[in-house]
Amino acid sequence: MANPGIADNQFLETELNVSAKRTETLFRILFMVMAGLLILPVLIILTTLLVKGSSIISFDFLFTSPTDGMTAGGIFPALLGTVWLVGVALIISVPVGVAAAVYLSEYAPDNWFTRAINLAIINLAGVPSIVHALFGVGAFVIFFGFGTSILAASMTLAVMTLPVVIVATRESLQAVPQAFREACWNMGATRWQTIRRVVLPNSVSGILTGVILEVSRTTGETAPIMFTGAAFFIPVLPESVFDQTMALSLHLFVVSTQVPNVPEALPYGVALVLISMVLLMNSASIALRMHLRGKKKW
Amino acid sequence: MVSAVQEMDQLTRVQNPADPANRVKLEVRDVAIRYGSSIAISEINLEVRKNEIFGIIGPSNAGKTSFLKAINRMNDFDSGMSVEGEILFDGTDIRDVRNVYALRNRIGVVFPLPVGLPLTVYENVAFVPRLRGIGDKAELDVIVERCLTRAALWDEVKDRLNSLGSLLSGGQQQRLTIARALSQEPELLMLDEFSIAVDPVTTMRIEDVLKELKPEMSIILVTNLVQQARRLADRTAFFLDGECVEIGETDDLFSGRVKDARTTDYIEGRFG
């Protein structure tokens, strides 16, 4: 230790250092509070629903029909209807969306046509759901003559969620390194052989994640289905895609605002079931993603 | 336009080895490669003979990789890349080959960084045979073992054929890509700086493999190691800034019998 005094002096805080450190702390806390605020709405929604709605949840609530002008009984037709709507929407949107994404990611040259498609996807994602609803009425209910039915409602939902499927699929396809494709092409594989044997098997996790996110989003949609296939109250369960159906999201709207003398717990219970379905699927999506990421092959 | 029958005929005909024209595997005439307005290769003329190792040396950015891409017609899949001039494979202009997949199938490529496909070791090597419609397990087993053996990898991986190819070490992966290229039964094998990610011992093993393969195919060896070209290549070309400065017998180039002083400068490490 030759000259400790001088060494210490070199690192003395100046006025400038002190104020920089103070500002640093201030901003760090500010940003953290903003990020932390995000938790609040989630907590409030979940606790409110749990406190006010959980008392009504029971096996009978889930698996019987509403009675007494929807002021009592269960929600089974709505629950089943939501499963129908989402299921049929998936059957339509997944093949179309995945195929479109494969084209855009693997085949499309950079020209006006591709740019037009990309622009269409962005715009499709930005169309408000009520506009999708009216489009669905015009196109599927009236023009194609499906009437107000599960088919018309699901197609409306499918059109609305296509951008989600396309974007998620395209992103997971593009996460597969280009070098794999070039290695295959250099060996004389066609684009499709490359896609089928190397690209798709390695992007399944991303595609599935996108699909599950689509499901959870579709589950909660109300506007697109209320004019196209979901009904206020139907005494029978749907038997084919050409029937109308009840749906959880619309049922929640109805029991909250349209029906007098509903016990307070009922709408909260419906909302709790709805949000549980969504959270369950989101969790499944996260779990699946983590599982498949663990199996990553490069 | 050449008919499909003629095309197949030209690609598969049995050639008379006595005819000097038949000793040429690949002929490159006035080839220029552009990416938009920037020129990667200008006016290259060379030929690659049968059963020779043709070395290409030169600093980075000399257009060596672009040249290999053009031979495999990868510009078909790269709209920004344009190729002019003639490239004759067994006397057929590759632009006239309508079935580009068959052309690429006859040409094996090994990249600088080993690209083990995200498949098992076995499936990496069985990939091309499967594309060719071979589904019989016993037949595939034979091909996989033969190719891995020739690439000097069999002994190291025979107990883990079903583990992922991408989990092998860098040197093993590079030999895996060579085994994969051999599964194509290529007539021309192109190696692009294969030793960049490979340790010296493995490099020497791969060099031995190449010497063994020479009697069966033509090999283009692009390398940034001039000594590697000296060890392996029968003839060597020196590329610089998209230009082919010199082509000659490797012995001549390395003993100072050059036409252009820049060749000696590069070989002796005065630039590049």
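Quick caveat, the model's predicted, so the values are computed rather than measured.

Visitor: Looking at this structure, how should I read the overall build of chain B?
Guide: The number of helices and strands found in chain B is eleven helices and ten strands. Scaling as 2.2 N^0.38, a compact globule of 272 residues should have a C-alpha radius of gyration of about 19 Å, and chain B matches this with 19 Å. The 272 residues of chain B split such that 42% are buried. Within chain B, contacts between residues separated by at least 24 positions form 68% of all contacts whose residues are at least 6 apart in sequence.

Visitor: Just to check I follow, could you spell out the nonpolar core for this structure?
Guide: Burial of nonpolar side chains together is a common tendency in soluble globular proteins. If you look at the biggest cluster of nonpolar residues, it comprises 146 residues, and the most contacted ones within it are Leu85(A), Ile220(B) and Leu221(B). With 15 residues, the top contributor of residues to this core is helix H8 (residues 150–174) of chain A. Contacts of Leu85(A), omitting those with residues within four sequence positions, involve Ile150(A), Ala153(A), Ser154(A), Leu157(A), Ile225(A), Thr245(A) and Ala247(A).

Visitor: So what exactly am I meant to see when it comes to the interface of chain A and chain B here?
Guide: How big an interface is tends to be reported as the loss of accessible area on association of its parts. Opposite the 15 residues of chain A that make contact, chain B presents 19 residues. By residue number, the principal contributor to the side of chain A that touches chain B is helix H9 (residues 178–186) of chain A, which donates five residues.

Visitor: I tried to follow the confidence of the model for chain B on my own but got confused; where do I start?
Guide: A low pLDDT means the predicted coordinates there should not be read in detail. Averaged over all residues, the pLDDT of chain B is 87; the fraction at 70 or higher stands at 92%. For this predicted complex, the interface confidence reaches an ipTM of 0.83, while the overall pTM sits at 0.80.

Visitor: Where do I start with the sheet that holds strand E3 (residues 53–57) of chain B in this structure?
Guide: Pairing between sheet strands relies on hydrogen bonds along the backbone, with the strands arranged either parallel or antiparallel. All names here are of chain B. If you trace the six strands from one edge of the open sheet to the other, you get E6-E7-E8-E3-E9-E10, paired in mixed fashion. One side of each edge strand has no neighbouring strand; the edge strands of this open sheet are strand E6 (107–110) and strand E10 (243–249). Along the sheet, successive strands turn relative to each other by an average axial angle of 15°, direction set aside. In this sheet, strand E8 (residues 218–223) lies alongside strand E7 (residues 188–192) in parallel orientation, the contact comprising five bridges. Bridge pairing links Leu191 to Leu221 in E8.

Visitor: Help me understand the pairing of E6(B), please; the structure alone is not making it clear to me.
Guide: When a strand is regular, its side chains alternate between the sheet's two faces. Residue and element names in this part refer to chain B. Residues of E6 alternate between two faces, with Ile107 and Val109 on one and Gly108 and Val110 on the opposite face, all of them buried. Where E6 lies against E7, four bridges are found, and the strand directions are parallel. Looking at E7, one finds that Gly108 is bridged to Leu189.

Visitor: Looking at this model, I keep getting lost on the sheet that holds strand E5 (residues 92–93) of chain B. Mind explaining?
Guide: Residues and elements named next belong to chain B. Spatial strand order, E2-E1-E4-E5: four strands in an open sheet with antiparallel pairing. With one partner strand each, in any of the chains shown, strand E2 (38–49) and E5 form the two edges of the open sheet. In this sheet, strand E4 (residues 81–89) lies alongside strand E1 (residues 24–35) in antiparallel orientation, the contact comprising eight bridges. Residue pairing for E4: Arg29 is matched across the bridge by Glu86.

Visitor: What is the right way to look at the packing of H8(A) against helix H11 (residues 204–220) of chain A in this model?
Guide: Relative placement of two packed helices is described by the angle separating their axes and the distance separating the axes. All names here are of chain A. One can describe the packing of H8 onto H11 by two numbers: an axis separation of 8 Å at closest approach and a directional angle of 155°. Between H8 and H11, the interaxial angle falls into the category roughly antiparallel. In the packing of H8 onto H11, the handedness of the crossing is right-handed. From H8, Leu157, Thr161, Val164, Val165, Ala168, Thr169, Glu171 and Ser172 reach across to H11, where they touch Ser205, Gly206, Ile207, Thr209, Gly210, Val211, Leu213, Glu214, Arg217 and Thr218.

Visitor: Which parts of the structure should I look at to understand helix H7 (residues 170–183) of chain B?
Guide: Since one α-helical turn is 3.6 residues long, residues separated by three or four positions face the same way. The terminal C-alpha atoms of H7(B) lie 20 Å apart, and with 14 residues this matches the ideal 20 Å at 1.5 Å per residue to within 8%. Backbone geometry just after H7(B) places Glu185(B) at a positive phi near 50°.

Visitor: Just to check I follow, could you spell out the packing of helix H5 (residues 76–107) of chain A against H11(A) for this structure?
Guide: All names here are of chain A. Contact pair H5 / H11: the axes reach a minimum separation of 10 Å and the direction vectors enclose 140°. Read as a crossing pair, H5 and H11 show a hand that is right-handed. Two secondary-structure elements touch here, H5 through Thr82, Val86, Ala89, Leu90, Ser93, Val94 and Val98 and H11 through Ile207, Val211, Glu214, Val215, Thr218 and Thr219. Of the residues belonging to the contact of H5 with H11, the class tally is eight nonpolar, four polar and one charged.

Visitor: Explain unusual backbone geometry here, please?
Guide: Note: most residues except glycine have negative phi, and most peptide bonds are trans. Residue and element names in this part refer to chain B. Unlike most non-glycine residues, Asp90 shows phi in positive territory, near 55°. Mapped onto the secondary structure, Asp90 falls in the loop between E4 and E5. Classification of Asp90 as partly exposed rests on a count of 19 C-beta atoms within 10 Å. Phi is positive for Ala152, close to 60°, though the residue is something other than glycine.

Visitor: Is there a simple way to think about helix H5 (residues 137–150) of chain B in this case?
Guide: Residue and element names in this part refer to chain B. Between its terminal C-alpha atoms H5 stretches 20 Å, which fits the 20 Å expected from 14 residues at 1.5 Å a residue. All of the buried residues in H5 are Val144, Cys147 and Leu148. Down the axis of H5, the buried side of the element spans an arc of 95°, and every buried residue falls inside it. For H5, the exposed residues lying more than 90 degrees away from the buried face are Ala138, Glu139 and Val142. Next to the buried residues of H5 lie helix H4 (121–131), helix H6 (154–157) and H7. Ala152 lies just past H5 and shows a positive phi near 60°.

Visitor: In this structure, what is going on with the environment of Phe254(B)? I would like to understand it.
Guide: All names here are of chain B. Of note, Phe254 is situated in helix H10 (residues 250–254). Once the C-alpha coordinates of Phe254 and Gln227 are considered, the two residues, 27 residues apart in sequence, prove to be 9.3 Å apart. Ignoring sequence-local partners within four residues, the contact set of Phe254 consists of Arg230 and Ile267.

Visitor: What is the right way to look at the pairing of E4(B) in this model?
Guide: Residue and element names in this part refer to chain B. The pairing of E4 with E5 spans two bridges and is antiparallel. Note that in E5 the partner of Phe89 across the bridge is Thr92. Turn length for the E4-E5 hairpin, with the two strands adjacent in sequence and antiparallel, is two residues, and the turn residue Asp90 shows positive phi of about 55°.

Reading the values: rules and limits
Residues numbered from 1 in each chain as written. Chains lettered and ligands numbered in written order. Predicted model: local features only at pLDDT ≥ 70, side-chain atom pairs only at ≥ 80, totals over all residues. Helix = DSSP H or I, 4+ residues; strand = E, 2+ residues; numbered from the N terminus. Rg over C-alpha atoms; globule rule 2.2 N^0.38 Å. Buried ≥ 20, exposed ≤ 12 C-beta atoms within 10 Å, placed from the backbone. Contact = placed C-beta atoms within 7 Å. Core = buried A, V, L, I, M, F, W, Y, C linked by C-beta atoms within 7 Å. pLDDT = per-residue confidence, 0-100. Pairing = 2+ DSSP bridges. Axes fitted to C-alpha atoms, helices over the stretch in contact; angles between N-to-C directions. Parallel < 35°, antiparallel > 145°, perpendicular 65-115°, else oblique. Left-handed = near helix turned anticlockwise from the far one by under 90°. Expected span 1.5 Å × (residues − 1). Nonpolar A, V, L, I, M, F, W, Y, C, P; charged D, E, K, R; others polar. Arc of directions from axis to C-beta.

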